[in-house]
Amino acid sequence: MTSHDVVELILEDHRTMEDLLRRMRSIEADRAKALREFSRLLIAHGEAEESEVYPALRRYRKIDNDEVDHGEEEHAEGNEALLALLEADGAGDGEWDERLEKLVRAVGHHLDEEERTLLNEARRHVPEERRAELGEAFRRERDGLLASDCGAVENVRRLVKG
């Protein structure tokens, strides 16, 4: 049974992102394919959180709005690191690996922090029915973005540069 709880859906995406980052680090994997998949998921996930989840969390008195703001700032940092990697010449050269490590640090930090703060607060303070509604909205938005090739370098560049 697929979960509809927004917290569980976000956590599933986080685990997928971590797996894709591991694949991008592996010389035995198709690193370019993993990067394409990661780019699509990171952008769709972050945009869906910011349009469907974060605004709803702001309405809960016991959820720290500074944490929501910080999550958005970290999305921007992750997008910048992603763009730098997408614009690098070739998977596996020194520059590419250096940019990958910056992306790994930015995204890893965000996933850890979001799980410890916002997601735990959502579990404690957002009723289960509301988390299910948010999960449906998040999934719908994320899936629509995934279908639109949102991870293309041109779109990432537009998001980063405004």
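Refer to the structure presented above.
What counts, and where the lines are drawn
- Residues numbered from 1 in each chain as written.
- Predicted model: local features only at pLDDT ≥ 70, side-chain atom pairs only at ≥ 80, totals over all residues.
- Heavy atoms only, no water.
- Helix = DSSP H or I, 4+ residues; strand = E, 2+ residues; numbered from the N terminus.
- Buried < 20%, exposed > 50% of the residue type's maximum accessible area, 1.4 Å probe, protein only.
- 1 Å grid on protein atoms, 1.4 Å probe; cavity = no way out; pocket = protein on both sides within 12 Å on 5 of 7 lines; lining within 4 Å.
- Points joined across faces, edges and corners; volume = space filled by probe spheres on them.
- Nonpolar A, V, L, I, M, F, W, Y, C, P; charged D, E, K, R; others polar.
- Salt bridge = Lys/Arg side-chain N within 4 Å of Asp/Glu carboxyl O.
- Lys, Arg positive; Asp, Glu negative; His and termini not counted.
- Polar contact = N/O pair within 3.5 Å; in protein donor to acceptor, adjacent residues only side chain to side chain.

### What about the overall build of the chain?
For step 1, the next point in the chain: The number of helices and strands found in the chain is six helices and zero strands.
For step 2, the next point in the chain: Its helices and strands taken in sequence order, the chain reads α-α-α-α-α-α from the N to the C terminus.
For step 3, the next point in the chain: The principal-axis extent of the C-alpha atoms belonging to the chain is close to 50 × 35 × 25 Å.
For step 4, the next point in the chain: With 162 residues in all, the chain has 44% of them scored as buried.

### Concerning empty space enclosed by the protein
Over the atoms, a rolling probe the size of a water molecule traces out where space has been left empty.
For step 1, the next point in the chain: Using the criterion set out here, one finds two cavities of 30 Å³ or more in the structure.
For step 2, the next point in the chain: Of the volumes computed, that of the largest cavity is approximately 120 Å³.
For step 3, the next point in the chain: In terms of lining residues, the largest cavity is bounded by 15 residues, among which L42, G46, H75, N79 and H110 are the most central.
For step 4, the next point in the chain: Elements represented by at least two residues in the lining of the largest cavity include exactly α2 (31–58), α3 (65–86) and α4 (94–125).
For step 5, the next point in the chain: At six residues, the largest contribution of residues to the lining of the largest cavity is made by α2.
For step 6, the next point in the chain: Of the residues that constitute the lining of the largest cavity, the class distribution is six nonpolar, six polar and three charged.
For step 7, the next point in the chain: Of the pockets and cavities examined, the second largest cavity occupies roughly 40 Å³.
For step 8, the next point in the chain: Residue lining of the second largest cavity: Y54, E67, H70, G71, E74, H110, E113, E114, T117 and L118, and that is the complete set.

### Some thoughts on the pattern of salt bridges
For step 1, the next point in the chain: Per the counting criterion, the structure on display carries 17 salt bridges.
For step 2, the next point in the chain: For E18, the salt bridge identified is with R15, shortest N-O distance 2.7 Å. You can see E18 and its partner R15 sitting in helix α1 (residues 6–25), three residues apart, about one turn around the helix.
For step 3, the next point in the chain: Accessibility expressed as a relative area gives 37% for R15, which makes it partly exposed.
For step 4, the next point in the chain: For E37, the salt bridge goes to K33, with nearest N and O atoms at 3.9 Å. Remark: K33 and E37 occur in helix α2; sequence separation between them is four residues, near one turn of the helix.
For step 5, the next point in the chain: For E37, a relative accessible area of 27% corresponds to the partly exposed category.
For step 6, the next point in the chain: A cluster of three or more residues bridged by salt bridges with shared partners is formed by D19, R23, K33 and E37.

### Re the side chain of E114
For step 1, the next point in the chain: Counting through the fold element by element, E114 comes out in helix α4.
For step 2, the next point in the chain: Summary of buried charges: E114 has no salt-bridge partner, and the nearest side chain of opposite charge, R15, is 8.8 Å away.
For step 3, the next point in the chain: Separated by 2.9 Å, the side chains of E114 and H14 make a polar contact.

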